[in-house]
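# Descriptive analysis of the structure
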Amino acid sequence: MMTFELGRRALMAGAIATLSLVTPVLAEGENTLESIHFLIPGGAGGGWDGTARGTGEALTKAGLVATASYENMSGGGGGKAIGYLIENADSNQGTLMVNSTPIVIRSLTGVFPHNFRDLTLVAGTIGDYAAIVVGKDSPVNSMSDLLAAYDANPSKTAIGGGSVPGGMDHLVAAMVMEAAGKDALAVKYIPYDAGGKAMAALLSGEIAALSTGFSEAVDLANAGEVKIIGVTSQERVSAAPEAMTMKEQGIDTSFVNWRGFFAAPGLSEDKLAMYQAALAKMYETPEWEEVRARNGWVNIHNSGDDFKGFLEEQEQVIGDLMKKLGFL
């Protein structure tokens, strides 16, 4: 059994934390932050991009933030943006950088020299399952079809992803194939910088399947561009109720990727509390629920020290898993 679910306990803790917040709340009359600048470590069309823009949309429409701006900074598997935020901390006190599980993975593998401890931890906000998708015209309609194609010709059944080798999309693809009884290290994985380029490769036939975030898969499926052949959730997700889980198809694996926000080192306690309060209040708004439901996200709220504890636990779990799969 190859199960990697961040989170049955974390999901419950997040739900409890959302109900019993100890984060300072914005006082009446002070419930609007002037602005937030979102730094996105990847290109347009990826999960980071969608999370930052969706969060900004909810915060501004709900009146919790007056204006939101966005900056995409691809490079180094996300390391360029992290380095930039650290090196230019003084001039980026109004910036929140979105990140997710890869900040843990890529620090473990040494892709970049920094880790989450070098930043100000603001809050974990959502979870997103992973999915395997194929092009709309692919003869593959299920995981069993994909496995049959792989058995027939492994070298021509490449799986792509929007992350570097050993990154999260690769890790998910390897976990799924390993749980299906295949040699995870023998699976041909082709990396692309952000989801948009990986999608183009899928539609051109360069790859047979794409490992991606569930929310991205839902958008692409709704646009009629892909078929979702497997989701790493425990149960089917309402955003795409026809999409079968891996477990339903005899592949005993599950995975959920958190996403959240970090600030520059040295951020003042007052400003940190304001960011945390705005994000906490966001969960109570219909504007957020609309964004969350549209993307199929799960609410996972870990703020401050809870976020740090969550990341430290994930670092241990992922490190052990990557060693088992041969990535470390």
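Okay, so let's go over this structure.

Reading the values: the criteria
Residues numbered from 1 in each chain as written. Predicted model: local features only at pLDDT ≥ 70, side-chain atom pairs only at ≥ 80, totals over all residues. Heavy atoms only, no water. Buried < 20%, exposed > 50% of the residue type's maximum accessible area, 1.4 Å probe, protein only. Helix = DSSP H or I, 4+ residues; strand = E, 2+ residues; numbered from the N terminus. Pairing = 2+ DSSP bridges. Polar contact = N/O pair within 3.5 Å; in protein donor to acceptor, adjacent residues only side chain to side chain. Contact = heavy atoms within 4.5 Å. Salt bridge = Lys/Arg side-chain N within 4 Å of Asp/Glu carboxyl O. Lys, Arg positive; Asp, Glu negative; His and termini not counted. Phe/Tyr/Trp six-rings, centres within 6.5 Å; stacked < 30°, edge-to-face > 60°.

This next bit is on the pairing of strand 8 (residues 226-231). Burial analysis of strand 8 places five of its six residues in the buried class, the great majority of the element. Pairing of strand 4 (residues 120-135) with strand 8, which is carried by five bridges, proceeds in the antiparallel orientation. Note that in strand 8 the partner of Val133 across the bridge is Ile228.

Let's shift gears to the side chain of Arg259. Along the chain, Arg259 falls in strand 9 (residues 256-263). Given a relative accessible area of 4%, Arg259 falls into the buried group. Of the polar contacts made by the side chain of Arg259, one reaches the side chain of Asp128; its length is 3.0 Å. Not counting residues up to four positions away in its chain, the partners in contact with Arg259 are Gly47, Trp48, Thr51, Asn99, Ser100, Gly124, Thr125, Ile126, Asp128, Ser215, Glu216 and Trp297.

Below, the discussion takes up the pattern of salt bridges. When charged atoms on two side chains of opposite charge get close, those side chains can pair. This structure, assessed with the given rule, holds ten salt bridges. Taking the shortest distance from any N to any O, the salt bridge between Asp252 and Lys247 comes out at 3.5 Å. Judged by relative accessible area, Asp252 falls into the partly exposed class, the value being 30%. Since its relative accessible area comes to 28%, Lys247 is described here as partly exposed. If you follow the salt bridges from partner to partner, you end up with Glu57, Lys61 and Arg294 in one network.

With that settled, consider the side chain of Asp169. Within the secondary structure, Asp169 is located in helix 6 (residues 168-179). Although Asp169 is buried, it makes no salt bridge; Arg106 carries the closest opposite charge, 6.9 Å away. Aside from chain neighbours lying at most four places away, what touches Asp169 is Gly161, Gly162, Ser163, Tyr189, Ser211 and Thr212.

Our next topic: the packing of aromatic side chains. Aromatic ring pairs are reported here in terms of the distance separating the ring centres and the angle at which the planes meet. Applying the stated criterion across every chain yields a total of eight aromatic pairs. A ring pair is formed by Trp258 and Phe310, whose centres lie 6.4 Å apart and whose planes are at 85 degrees; its orientation type is edge-to-face. Of the two residues, Trp258 is situated in strand 9 and Phe310 in helix 11 (residues 305-325); the sequence distance between them amounts to 52 residues. Taken individually, Trp258 and Phe310 each receive the classification buried, so the pair is uniform in this respect.

Moving on, we come to the pairing of strand 3 (residues 95-100). Walk down a regular strand and you will see the side chains alternate between the two sheet faces. Along strand 3, six of the six residues are buried, which leaves the element largely enclosed by surrounding structure. Here strand 3 shows a buried face lined by Thr95, Met97 and Asn99 and a second buried face lined by Leu96, Val98 and Ser100. Both strand 3 and strand 9 contribute to a ladder of four bridges, which runs antiparallel. What sits directly across from Val98, in strand 9, is Phe261.

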